[in-house]
Structures are given as C-alpha cells and as structure tokens.
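Descriptive structure summary
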Amino acid sequence: MNDADRGRVYIVGAGPGDPGLLTVRATELIATADVVLYDRLIGAETLDGVRADAELVYVGKAGGAPGAASVPQAETEELMVAHARAGKSVVRLKGGDPFVFGRGGEEALTMLQAGIPFEVVPGITAGLSATAYAGIPVTFRGVSSAVALITGHEDTDKGEPALDWAALATFPGTLVFYMGVGALPAIVTSLMAAGRRGSEAAALVECGTLPWQRTVTATLDTLAETAAAANVRPPALTVIGEVASFSERLHWFGGDGLPLKGRSVVVTRARPQAGELADRLRRLGATVVQTPTIRIEPIAGPSVSLSGYDIVCLTSPNGVHALFERLHAGGQDARAFAGTVVAAIGPGTAQALADRGIRADVVPERSVAEGLVEALLDDRVAPSGPAAVRRALFAGASGARETLPEALRASGIEVDVVSLYETVSEPLSQAALAAARQADYITFASSSSVRALFGALESESDLAALAPTTRIVSIGPVTSETLREHGAEPHVQATRHDIDGLVAALVQDATAAVGSAPAERS
Ligand code: SAH
C-alpha cells in the first residue's frame, strides 16, 4: 500500500481568526479534506470552504462553543489516527500556528508512532499577529531587539514546567504571554517580584484580528487592575515591553465607520451561494455566522434540448449552473441557446448567465415570478404579441412555484418544466444554532432556506428562543410570506429582491437604528 492509499494527516495552522490570514496551503487543504478536526480558537469563517460532504469534527477543549463538549487530547489523536487509517485526508486545524502552544508537536509524534504520514502547515501565530493588528511591532530598532513567546498557564499541575521568572524579568526584549486571562495577576506579581520594572509599558489584545478586536494599554504595575476594569476576556494576549506604547499611534485595525461593525449576521444560504453574501457583509464590518441549512443537489437526467423553444426561463443562479452541467454532459455548450429568447428572474440569475457568455434578453424589474410573467408577456419580448411565443421552457428547482408556468399556459403558451436540481436540508451543528440564536440579524434569501432553518430548529417554538433583539431580514415578499407561515414576522424586507437589495436593506436598518449600537462584546 502506498502513502496515497493510506490517508494522511495535515497539522494545519488556521491563523489568529481573520480569514485573510489563512495560508494558501491551509485553504487548499481545507477545501479538499475528507475530515476536518478543528479547535475552538479557529475563525468562524475558516470552515466556509470545506467540501459539502466533508466530515467536520469539533475537538475543542473546555470553554468552547456553547453546547460543544470538551474533547480530551488523547481522543483527538485517536480520531486522527483512525480517520487516516481509513484512507482519509485528515486536516487537524488549530488556531494560530500548530507548533506554538498548540500541542501540534505531540500530535506529530503520535502520527510518527502510528506510522501515519503527516505534514505540518505553519500558521500565523497570535503573538505576532494580534500584536501587529494592535499596532505593536514586537521588535523595534533601538527599543526591543528580542521577543519571547511565553505560555502563561494558570497552574503547573498540568505537567508544564514552572516559568523561570528571574530569567523572564531580565529578558532583554518584549514578552508576549499567551494565556487564560485569569493568570494575569500572578504573571504581573511574579515578574515584578523578580525585578521587572513596574513602569514598563504593557498591553492586552483581546480577540486579535477579529472585527471586534480590543486593545487595552497600561503599565506593568497597573495592568492587572486595568484588565479587570475593562473586563478583558479570552482569547487575549499580554504584551510587556516598551513597544506596547506604539499601539496608541500605530493602531490601524478596526472597522470603525463600517456600517455593520460589531453586528453579527446569520447567512442561511447553501454554502456555494453563501460566500458572496457573507463576503459583502464582512466587508461592511459584520461578523458573519453561516448556517447553511440547505444544500443544492443536481438531479441526474437526460441531456436537455433547447431547440424548439421560443423562450428559455431561468429562475435562479443554481438553475443556470445546473442547466449548463446538463448541456455539457450532453456534449453541448452555450450555442444551445441560439435563437431563443432567454429570460432571467433577476439580476443574480442574469449574472450567472453572463458568466457563461449569455446575455439575458429579459430581466424583470421585480425579481418575483409575477414580474417575470409581466415582462414575458410584454410586447417588447414578443414583438407580434404574446401569440408569437408558442413554446417556453422553464429550468429550475424541483418543487418550485408553478405561478410562472401556469400564467404562461393561461395565455396559450405551451410550457415545459424541467427540474434540474433540488434543495435538501442540511443538519445544523449545535454551535451554529447557538450562534444563530444570539445574532443581531438573520437573513433569508429564499423560501427554501426559511423552511430548512425551521426544519433544523427542533420545533418552531425554538425560534422564539432567538434573542428578542434579533432582527429577521427577508429578500422579498415570497420569502416573507413563508416566514409568516412559520410564525416569524420579518422586521426588514428588501425593496430589491436580490443580494444587493438584501444587503442594502440590512445596512439601512442597522444605520437607522439610532442608539441601538451593539453592546461591547465579551
Ligand atoms: N497555537 C496558537 C496558540 C494557542 S494557545 C497560536 O499560535 O496562536 C491559546 C492562546 O493563544 C489564547 O489563550 C490566547 O492567549 C492566544 N490567542 C489565540 N488567538 C488569539 C487572538 N485572536 N487574539 C488574542 N490572543 C489569541
């Protein structure tokens, strides 16, 4: 058996939280892994690129995501071995760098002993990135020419050797402590008792590189009380050294001024479409929680022939994608559209067509079925009146609304409907549900994601458990109606029924809500 058949373990650093700080190699491996075993401190968006059929296993330690259990290290290592032995490509994803206080070294040794091939993908460690985002250069010519990364563990019962405080007190450079915040008073006391100067600059960086990053500066002797007063919570780093004072001038990160700064927004779309919406929201400062309640499954079927139709109607970007897959499978390409009028229900669908070289002839102003009917029966489409349109093809989701085909049939048009894909619901993790329940906004871009989310919540009354401040945003009247059928009244409905419109409506709501700035995150 060669290595490729035996499965492989990748011990991968996920960086400090900002998804932009994931390495190219980590992104590639996450996108191709069969199994991802992930920790508590990885950025919420880090797993967005996983394969739809990848197995995701939370193996975090205590204090992790709500509802998530703590997994002992030995068990994590057993899982790594078992999945690799089953021939899987296993990504062991850890916050920051796997070899910096990440127990990655131990895991590599276990793989070695088990005879499992492994690779290590370094990540950007928090001590060198949360600091940079806080405007603290850990070395600076003439100020600090060395930096120490130190674990500020709270007790020495865990088999860790006690720190050499005398050596740390005289260390000629910056000290960066990775630690539970609870250890801070002891660190300060020990360092000062060993002779470190109390007036030295110091800082704490909480949730470094995340949109809600916070920096608290002080001097060594006031650090513990300043942190307590500011209620600094993990994950946080402590920096002791004159370089900490640069933060005041060099801090550059933070989405101040971004309209969605500090807001958490749930995106309920299927993973392939969630990305665009999630990106847009993130760039506006939002923290995005993805709850992909639906998955798109193509329906296998014979090749489709578009010849003989006067109009081909596409009702979603997924439909466009699926139609092209079918055409390609049958050896056809975009030329199959020659001679037909192409109608798209909205700008997203039109864009999906444009990406494949087809410019839609008809895109109604209102992206709902009724809008498309009006536009199709408009005499600009059928110059000699609707009578000139004899045959129409609808390509889309199975179980889609019949409004359109019915309306066209009523005007004497022969309509064929071909189902190219179906949306199936995807189970949600406890962590995703917990995050969704606390979010500031929850967005619905289709009726199917409403149905899927309500299906995922154990019972509909669970939505009552959404934080009372959570606002529901709907893409349009059809989605709103489906929400109402499930007993949830949308607070915001987009006026343009596409992703741009959804984002615009959300931003307008967030900025209009004067005085409802989000509370400081902990
Ligand atoms: N392997 C990780 C460190 C794991 S130890 C790395 O290389 O970064 C966990 C500690 O790292 C936390 O207690 C905290 O002190 C620090 N840490 C991790 N992510 C952080 C972040 N985004 N901001 C501040 N500190 C962080």
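Coordinates for the structure precede this section.
Heads up: these notes are all about the structure in this document. Predicted, not measured: the structure shown is a model, and the values here were computed from it.

The next point concerns the site of the ligand. Around the ligand lies a shell of 17 residues, among which D97, V100, T125, G208 and A236 are the nearest. Take D97: an N or O atom from its main chain is 2.8 Å from an oxygen atom of the ligand. Between a nitrogen atom of the ligand and a main-chain N or O atom of V100, the distance comes to 2.7 Å. Burial of the ligand by the protein chains amounts to 87% of its free accessible area of 540 Å². Counting residues per element, the ones that place at least two in the shell around the ligand are β7 (174-179) and β10 (236-240). Taken together, the residues of the shell around the ligand sort by class into twelve nonpolar, four polar and one charged.

Before going further, it helps to examine the pattern of salt bridges. Inspection of every chain in the model, using the stated rule, returns 22 salt bridges. The closest approach of N and O atoms between R92 and D39, which form a salt bridge, is 3.1 Å. Taken together, the residues span a long stretch of sequence, with R92 in strand β4 (residues 89-94) and D39 in the loop between β2 (35-38) and β3 (55-58) at a distance of 53 residues. Close ionic contact of R484 with E489 constitutes a salt bridge, the shortest N to O distance being 3.0 Å.

In this section: the packing of aromatic side chains. Taken as a whole, this structure holds eight aromatic pairs when the rule is applied. Here the aromatic rings of F101 and Y178 are separated by 4.9 Å at their centres, their planes lie at 70°, and the arrangement is edge-to-face. Note that F101 is positioned in the loop between β4 and α4 (104-114) and Y178 in strand β7, a separation of 77 residues in sequence. Overall, F101 belongs to the partly exposed group, its relative accessible area being 41%.

Moving on: the side chain of H83. Along the chain, H83 turns up in helix α3 (residues 73-85). The residues contacting H83, other than those within four sequence positions of it, are V35, E55, K88 and V90.

The next subject is helix α17 (residues 477-485). Considered for burial, the residues of α17 that qualify are T479, S480, T482 and L483. Buried residues of α17, viewed axially, fall in a sector of 160°; they line one side. Residues of α17 that are buried in the fold lie against β18 (441-444), α16 (447-456), β19 (471-474) and β20 (492-493). Positive backbone phi, approximately 80°, marks G487, located one or two places after α17.

Another aspect to go through is the sheet that holds β7. Taken in spatial order, the five strands of this open sheet run β6-β7-β10-β8-β9, and their pairing is mixed. The sheet is open, and its two edges are formed by β6 (147-151) and β9 (214-219), each paired on a single side. On average, each strand axis in the sheet is tilted by 20° relative to the strand beside it, whichever way the strands run. Pairing between strand β8 (residues 201-206) and β10: five bridges, direction antiparallel. Within β10, the residue paired with V205 across the bridge is L237. Contacts from helix α5 (residues 126-133) reach β6, β7, β8 and β10, with the element oriented near 80° to β10. Helix-sheet contacts for helix α7 (residues 184-193) involve β7, β8 and β10, and the interaxial angle to β7 is about 150°.

A few words now on the packing of α3 against α4. Where α3 contacts α4, the axes come no closer than 10 Å and their chain directions differ by 45°. Considering the angle they form, α3 stands oblique to α4. Crossing geometry of α3 relative to α4 is assigned as right-handed. Across the interface between the two elements, Q73, T76, E77, M80, V81 and R85 from α3 touch E106, E107, T110, M111 and A114 from α4. For the contact of α3 with α4, the residue count by class is four nonpolar, three polar and four charged.

Across the two faces of β6 the burial differs, with A148 and I150 buried and V147, L149 and T151 not buried at all. Bridge count between β6 and β7: five bridges; the pairing is parallel. Of the residues in β7, the one forming a bridge with V147 is T174.

We now examine the environment of T217. Looking at where T217 falls in the secondary structure, it is placed in strand β9. Between the alpha carbons of T217 and A202 there is a distance of 5.9 Å; along the sequence they are 15 residues apart.

With that out of the way, let us pick up the side chain of D39. Looking at D39, the relative accessible area reads 16%, which means it is buried. Those residues in contact with D39, other than ones at most four positions away along the chain, are Y58, V59, G60, R92, L93 and K94.

A few words now on the environment of S474. Tracing the chain through its elements places S474 in strand β19. S474 sits in the buried class, given a relative accessible area of 0%. Put simply, S474 and A494 are 20 residues apart on the chain and 6.3 Å apart in space, counted from C-alpha to C-alpha. Of the polar contacts made by the side chain of S474, one reaches the side chain of S480; its length is 2.7 Å.

Here the focus is unusual backbone geometry. The amide bond that connects P234 to the next residue, P235, takes the cis arrangement and shows omega of -5°. When you line up the elements, P235 lands in the loop between α8 (223-229) and β10. Within the chain, F101 stands out as a residue other than glycine whose phi angle is a positive 50°. One non-glycine residue, R103, adopts positive backbone phi at about 60°.

Turning our attention to the pairing of β10. Of all five residues in β10, five are buried, a share of seventy percent or more. Burial of the side chains of β10 extends over both faces: A236, T238 and I240 are buried on one face and L237 and V239 on the other. In terms of strand pairing, β7 meets β10 through five bridges, oriented antiparallel. Paired with L175 across the strands is I240, a residue of β10.

Definitions and cut-offs
Residues numbered from 1 in each chain as written. Predicted model: local features only at pLDDT ≥ 70, side-chain atom pairs only at ≥ 80, totals over all residues. Heavy atoms only, no water. Near = heavy atom within 4 Å. Polar contact = N/O pair within 3.5 Å; in protein donor to acceptor, adjacent residues only side chain to side chain. Areas by Shrake-Rupley, 256 points an atom, 1.4 Å probe, with all protein chains shown as cover. Helix = DSSP H or I, 4+ residues; strand = E, 2+ residues; numbered from the N terminus. Nonpolar A, V, L, I, M, F, W, Y, C, P; charged D, E, K, R; others polar. Salt bridge = Lys/Arg side-chain N within 4 Å of Asp/Glu carboxyl O. Phe/Tyr/Trp six-rings, centres within 6.5 Å; stacked < 30°, edge-to-face > 60°. Buried < 20%, exposed > 50% of the residue type's maximum accessible area, 1.4 Å probe, protein only. Contact = heavy atoms within 4.5 Å. Arc of directions from axis to C-beta. Pairing = 2+ DSSP bridges. Axes fitted to C-alpha atoms, helices over the stretch in contact; angles between N-to-C directions. Parallel < 35°, antiparallel > 145°, perpendicular 65-115°, else oblique. Left-handed = near helix turned anticlockwise from the far one by under 90°.

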